[in-house]
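# Geometric and topological summary
Listed below, chain by chain, are the residues.
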Amino acid sequence: MRPHDSSASLALVLLSSKLAHAFYLPGITPTNYRVGDLVPLNVNHLTPSQSDRDTQTRSVFSFDYYHPAFHFCPPEDGPEYLSESLGSILFGDRIQTSPFQLHLGKNETCKAVCDEQVMESRDAKFVNKRIWQNYNLNWLIDGLPAGQAYYDPATETEYYQPGFALGEVVDETPHLHNHYDILIDYHQVRADQYRVVGILVEPQSAGGTRRIGSGDDFSAEGCSSDQPVVLSEKSNNKVTYTYSVYWRPSSTSFATRWDKYLHVYDAKIHWFSLINSAVIVMFLIGMVGTVLGRTLRKDIARYNRLDQLGLDDLNGNSVEDGIQEDSGWKLVHGDVFRPPKNPLLLAVLVGNGTQLFMMAGFTIAFAVVGFLSPSNRGSLATVMILLYTVFGFVGGYASARVYKSFRGDKWKQLFIYTPSALPALVFGTFFLLNLLVWARQSSGAVPFTTMLVIVGIWFVISVPLSILGSWFGFRQPQAEPPVRTNQIPRQIPPSSGYLRPFPSMMLVGILPFGAIFVELYFIMSSLWSSRIYYMFGFLFLCYGLMIVTSAACAILMIYFVLCAENYHWQWRAFGSSGASAGYVFAYSLLYWARMLSFSSWTGGMLYLGYSALLSFMWFVMSGTIGFVACWVFVHRIYGSLKVD
Ligand SMILES: *[C@@H]1O[C@H](CO)[C@@H](O)[C@H](O)[C@H]1NC(C)=O
């Protein structure tokens, strides 16, 4: 029972085959069964979720199915772990074999899974607490999650949500579900060839179930009893787990069997927010267009002492005088390409941000075209890790180019920090948080071997690629800035109002956040309440809107900052555009207050830790977008000045 070793080392050695495996399209590799064939039922971890009674998620820890306190029946010769992809392990899947006997087409009623289990009072307490916290069982039959059926009145469709409840709370008393009605939809492809196309489980609490057969005969009685199983926390309890199987012929084909699981919740909200963001973006582009197209051109023309008339004719003489007076940006032309403070840090951040940006963009694009279907468990996370690794090259190159333009000379540090700073921070935090999970005996703790694999991938592939990229960047000739930098720095007038660093960050950060916050809600509920996220089309559009908004807002802000004769634009551009991360973090706190409530401080710590980590990565990524946009902008506008 050595978990995941095989697949973990596989991931390291056979990257290419993993990629090929990760990219199979859903519905290409069906399994055909004949009547009477054994269809394996595999069990995954137990996860916290919401219920009708309680819309908050109350825990962040998942538990192994064979955690001794549950007393679920193991297979006769012990459960075995199924091999999984790296991403699947990281996201908590722990899939094991089970003793359920499902024979295709053969209905069974009231079978015992194994002999009666004795549950001591301590275990009963543990299980009751998990029932209070709405824990769900997660089964997989033929790769398809066993779900419960829901009805969405908005779209008038029935959809399945993976997982079914461990128990339910009735009148403040937890009832354990010990009987499962398993409804399996199967589809006939050819004579005596069938495929599994849908799984529903209706769990029940049936007290008084009892095994009556012996040996291989697992017959039981009492499955339809309506007397619930209430676990006493004072004495030993006896529980018999039972199940019934009903095979239902279905017209759903294998290719579409996932459709019911990939339900788009509240499509209207997505569209609404998308249109909302699109309007904001239009407005912004209009503003930036005005600034760039009219004011700037006018400024440049005047500054270059060109004949003003020609341009006035073009623009129709309608430039407000107010904007013109503001345009002090040309005064700082001798300072604007002065390297910022801490050039090394900024270059390293931009390099890492570029890497994250590429990874996110490509992952979402792959997901949109359908490569990363949830039917292939963990493929999303696996692909993210691989892309991040590969884009180390781009990150290294970007950081070297930026550093070169800052005329930096600590090249050795740059080569080392670019591939190590952010990954070390992320991994360090991850490691510490994992210790918490591990201390809670949760199955969510990432196994040590998997950690080693990740460090291995990073060290063997990502670091060399990044250094290679930095080397290429380093070898590029120094790009001369369009205007010369003066010897003596200009005095900067004190800034006021919204141009001070903090207010400007708050202002610029809110619009990119506005572009993504609806999707953020759904991503969070998929992360913390184990729902499937499958709205990549929306996410793709939001990502695009977010990029445009970040860039436009940062450019506008930097234009005003330069007009106020402040030439420290580099950090300002990075920080103000990255400030949307502050909103993301604040939003995660709000989400906590609304949707989650943890009974232990470790849960809260874990949530805060991961939120802070994600927000920081978001900061680096969106900051980079703003920095690059302003970089282009500043080079453009000063490039069109004719100084001297
Ligand atoms: C099994 O049960 C289902 C659901 O009750 C029913 O539709 C189906 O006909 C049954 N199959 C057999 C072989 O009896």
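In case you missed it, the structure is sitting above this.
The rules behind the values
- Residues numbered from 1 in each chain as written.
- Predicted model: local features only at pLDDT ≥ 70, side-chain atom pairs only at ≥ 80, totals over all residues.
- Heavy atoms only, no water.
- Axes fitted to C-alpha atoms, helices over the stretch in contact; angles between N-to-C directions.
- Helix = DSSP H or I, 4+ residues; strand = E, 2+ residues; numbered from the N terminus.
- Parallel < 35°, antiparallel > 145°, perpendicular 65-115°, else oblique.
- Left-handed = near helix turned anticlockwise from the far one by under 90°.
- Contact = heavy atoms within 4.5 Å.
- Nonpolar A, V, L, I, M, F, W, Y, C, P; charged D, E, K, R; others polar.
- Pairing = 2+ DSSP bridges.
- Near = heavy atom within 4 Å.
- Polar contact = N/O pair within 3.5 Å; in protein donor to acceptor, adjacent residues only side chain to side chain.
- Areas by Shrake-Rupley, 256 points an atom, 1.4 Å probe, with all protein chains shown as cover.
- Disulfide = S-S within 2.5 Å.
- Buried < 20%, exposed > 50% of the residue type's maximum accessible area, 1.4 Å probe, protein only.
- Expected span 1.5 Å × (residues − 1).
- Core = buried A, V, L, I, M, F, W, Y, C linked by side-chain atoms within 4.5 Å.
- Domains from an automatic or database assignment.

The next subject is the packing of helix 14 (residues 536-563) against helix 15 (residues 569-578). The geometry of helix 14 relative to helix 15 is characterised by a closest axis approach of 9 Å and an angle of 140 degrees between their N-to-C directions. One way to sum up the angle between helix 14 and helix 15 is to call them oblique. Between helix 14 and helix 15 lies a crossing of right-handed hand. Note on element contacts: helix 15 touches helix 14 through Trp 569, Arg 572, Ala 573 and Ser 577, opposite Ser 550, Ala 554, Ile 558, Val 561 and Leu 562. A class-by-class count of the residues in the contact of helix 14 with helix 15 yields six nonpolar, two polar and one charged.

Right, let's talk about the sheet that holds strand 6 (residues 135-137) for a bit. Strand order in the open sheet made by the three strands is 2-6-11, with antiparallel pairing throughout. The sheet is open, and its two borders are formed by strand 2 (47-48) and strand 11 (164-165), each paired with just one other strand.

Let's shift gears to the site of the ligand. Around the ligand, a shell composed of Gly 105, Asn 107, Tyr 246 and Trp 247 is seen. Within the side chain of Asn 107, an N or O atom sits 2.3 Å from an oxygen atom of the ligand. Compared with its free state, where it exposes 360 Å², the ligand has 41% of that area covered by protein. Split into classes, the residues belonging to the shell around the ligand amount to two nonpolar, two polar and no charged.

Here, the word disulfide means a covalent bond between the sulfur atoms of two cysteines. Applying the stated rule across the entire model yields two disulfides. Disulfide partner of Cys 73: Cys 114, at an S-S distance of 2.0 Å. Judged by the torsion about the S-S bond (-65 degrees), the Cys 73/Cys 114 disulfide is left-handed. Residue Cys 73 is found in the loop between strand 2 and helix 3 (86-90), and its partner Cys 114 is found in the loop between strand 4 (108-112) and strand 5 (117-119); the two are separated by 41 residues along the sequence. Considered together, Cys 73 and Cys 114 belong to a single accessibility category, that of buried residues. Through a disulfide, Cys 110 is tied to Cys 223; the S-S separation comes to 1.8 Å. Across the disulfide from Cys 110 to Cys 223, rotation about the S-S bond amounts to roughly 80 degrees, and the bridge is consequently right-handed. Here Cys 223 lies in the loop between strand 17 (220-221) and strand 18 (237-239) and Cys 110 lies in strand 4, a separation of 113 residues in the sequence. Judged by relative accessible area, Cys 110 falls into the buried class, the value being 12%.

With that settled, consider helix 8 (residues 343-368). Helix length check: helix 8, at 26 residues, gives a terminal C-alpha distance of 37 Å against a target of 38 Å (1.5 Å per residue), a fit within 8%. Where helix 8 terminates, the next one or two residues include Gly 370, which has phi positive at roughly 95 degrees.

A word on the nonpolar core. By size, the foremost hydrophobic cluster in this structure holds 154 residues, and its most contacted members are Trp 139, Leu 176, Tyr 180, Ile 182, Trp 329, Leu 562 and Tyr 638. Here this core takes 19 residues from helix 14, the largest share from any one element. In terms of domain composition, this core takes at least three residues from each of domain 1 (29-256) and domain 2 (267-484 + 512-639). Setting aside chain neighbours within four positions, we find Trp 139 in contact with Leu 41, Asn 42, Val 43, Tyr 65, Phe 100, Leu 144, Pro 145, Ala 146, Phe 164, Tyr 180, Ile 182 and Val 201.

Attention now moves to unusual backbone geometry. Keep in mind that most residues, glycine aside, have a negative phi and that most peptide bonds are trans. Residue Asn 134 is not a glycine yet carries a positive backbone phi of 60 degrees. Located in the positive-phi region is Asn 342, a residue other than glycine, with phi close to 45 degrees.

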